[in-house]
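Analysis of the macromolecular model
The lines below spell out each chain.
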Amino acid sequence: MDDAQSHLQGAHLLKSLTSIAAPALLAAALLPAEAHAEDSVGNGLCGGTHSWVSVCATDPGSPGSDASQDRPAKPRKGDKNQKANFQSCVVKKLDPQPPAGSAIWEGHDPGDGAVYRRACVFDAASSPVTAGVPLPGQTFWSATPPAATGPDPAQLAQQAVDKMLLKGPDIVTPDAAGRWTVGVPVWMHAGRSPATYGPTSATATAGAVTVTATAKVSSIKWQMGDGSTVTCTGAGTPYRKAYGKRTSPDCGHTYAQTSASRPGKKYTVTATATWAVEWNGGGQSGELTEIRESQVQVSVGELQALG
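Everything numeric here is computed off the predicted structure, so don't read it as measured data.

What about the overall build of the protein chain?
If you tally the helices and strands in the protein chain, you get 4 helices and 14 strands. A burial count over the protein chain gives 38% of its 307 residues as buried. Long-range pairs, those at least 24 residues apart, make up 67% of the contacts in the protein chain with a sequence separation of at least 6. Taken as a whole, the protein chain presents about 17400 Å² of accessible surface, with 53% of it coming from carbon and sulfur.

Structure below.
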């Protein structure tokens, strides 16, 4: 057998072993000896900017899973058959600690706290097939020692966000019932409510760990339907007749053409809100982003001269 045939057969054998081996065994085989000695639970740590080991496995029962993927399967929203996979976590203080000035300290001095590592694995209750498969791990700074065991706060944070009723912007202007004219400034304005602008909060608890997440809109991108896009950092200023033909001080647009040539003779205005979510709990904190949008159709005509 020549070298080419030997190499080809070896590749086929490796592919076969990869496809039939349990993900937990694959992750364990790929970990360095130091990682096995340090943690008694699965040590596949991936994701995040401070991860020291990058090994994960997907759920072989999930659609499109592949042994070559480097992230674990994520439950799909709305799938009632999926269970939360944030059990069986262990937190350990790094020894030795990172040197002073390292980015892992997140701007803190070593005397202000310590750097820890959290490692989690799927639990048997979630799925016997994936029990022991490593989940994304985190290396983080904390002022006080976090809970030794328990769920991953970052995943609890997402669970808290899923409880929130976050909607797209409440478009006050421009509205479909208004009269909009070429060359006359439009003052875009969105209503403020907990569900459409924030702030709104929710909590999620598992074991002794409780995470609180608070969301509020950080910006709204307005697509005006005529090819123009305006991004506003606030909800916009409400228009008053006393303002006349002034332009909005913070969120406005002026149409240059009528909507007569558009379907239904109207422009479709899309307002997309970026929700900034801050969370804390379990000795950790972080940020998440959610996107929601709303639409309205408006008619834009020309100013009719009198006389």
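On we go.
Observations concerning the environment of C251
Here C251 shows up in the loop between β10 (229–232) and β11 (252–253). Placed 17 residues apart in sequence, C251 and G234 show a C-alpha to C-alpha distance of 7.9 Å. Residue contacts for C251: discarding those within four places in its chain leaves V186, W187, M188, W222, C232 and G236.

What about the pairing of strand β12 (residues 267–281)?
Looking at chain direction, strand β9 (residues 209–223) and β12 are connected through 11 bridges and run antiparallel. Looking at β12, one finds that V217 is bridged to W275. One ladder, built from 15 bridges, connects β12 with strand β13 (residues 284–298); its direction is antiparallel. Across the sheet, the residue bridging to A273 is R292, located in β13. Taken together, β12 and the strand that follows it, β13, pair antiparallel across an intervening segment of 2 residues, in which G282 is found at a positive phi of about 65 degrees.

Section: the nonpolar core
When a protein is soluble and globular, its nonpolar side chains tend to lie buried together. With 38 residues, the main nonpolar core has M188, A213, I220, W222, Y255, V269 and V298 as its most contacted residues. Setting aside chain neighbours within four positions, we find I220 in contact with P169, A190, Y197, V230, T231, C232, G234, A271, T272 and A273. Judged by nonpolar contacts, the second largest core, of 5 residues, contains L94, I104, V115 and W141.

A closer look at the pattern of salt bridges
Any two side chains of opposite charge can pair if their charged atoms end up close together. In this structure the tally under the stated criterion is 1 salt bridge. Two residues, R292 and E290, come together in a salt bridge whose shortest N-O distance is 3.2 Å. Relative accessible area serves as the criterion here: at 9%, E290 is assigned to the buried category.

Digging into the state of the cysteines
Summed over the entire model, instances satisfying the criterion amount to 1 disulfide. Sulfur-sulfur distance for the disulfide between C232 and C251 comes to 2.0 Å. In this structure, the disulfide formed by C232 and C251 twists by about 85 degrees around the S-S bond and is classed as right-handed. Note that C232 is positioned in strand β10 and C251 in the loop between β10 and β11, a separation of 19 residues in sequence. The same class applies to C232 as to C251, namely buried.

Remarks on the packing of aromatic side chains
Evaluation of the coordinates by the stated rule reveals 5 aromatic pairs. Between W187 and Y239, the aromatic rings sit 5.4 Å apart at their centres with planes inclined by 70 degrees, giving edge-to-face as the arrangement. Residue W187 is located in strand β6 (residues 186–187), and its partner Y239 is located in the loop between β10 and β11; the two are separated by 52 residues in the primary sequence. Grouping aromatic residues by their ring pairs yields a cluster made of W187, Y239 and Y243.

Let's talk about the confidence of the model for the protein chain
Averaged over every residue, the pLDDT of the protein chain is 73; residues scoring 70 or more account for 63%. Mean pLDDT values over the elements of the protein chain span from 33, in helix α3 (residues 33–38), up to 98, in β10. Across residues 6–86 the pLDDT falls below 50, and counting only partners more than four positions away or on other chains, this stretch makes 122 contacts in the model.

So, helix α4 (residues 153–163)
Listed in full, the buried residues belonging to α4 are P153, L156, A157, Q158, A160 and V161. Along its buried surface, α4 packs onto β2 (114–120), β8 (200–206), β9, β12 and β13.

Describing the environment of C120
As for its position among the elements, C120 is in strand β2. The exposure class assigned to C120 is buried, which follows from its relative accessible area of 2%. Counting along the chain gives 30 residues from C120 to V90, while the straight-line C-alpha distance between them is 6.4 Å.

Conventions and cut-offs
Residues numbered from 1 in each chain as written. Predicted model: local features only at pLDDT ≥ 70, side-chain atom pairs only at ≥ 80, totals over all residues. Heavy atoms only, no water. Helix = DSSP H or I, 4+ residues; strand = E, 2+ residues; numbered from the N terminus. Buried < 20%, exposed > 50% of the residue type's maximum accessible area, 1.4 Å probe, protein only. Contact = heavy atoms within 4.5 Å. Areas by Shrake-Rupley, 256 points an atom, 1.4 Å probe, with all protein chains shown as cover. Pairing = 2+ DSSP bridges. Core = buried A, V, L, I, M, F, W, Y, C linked by side-chain atoms within 4.5 Å. Salt bridge = Lys/Arg side-chain N within 4 Å of Asp/Glu carboxyl O. Disulfide = S-S within 2.5 Å. Phe/Tyr/Trp six-rings, centres within 6.5 Å; stacked < 30°, edge-to-face > 60°. pLDDT = per-residue confidence, 0-100.

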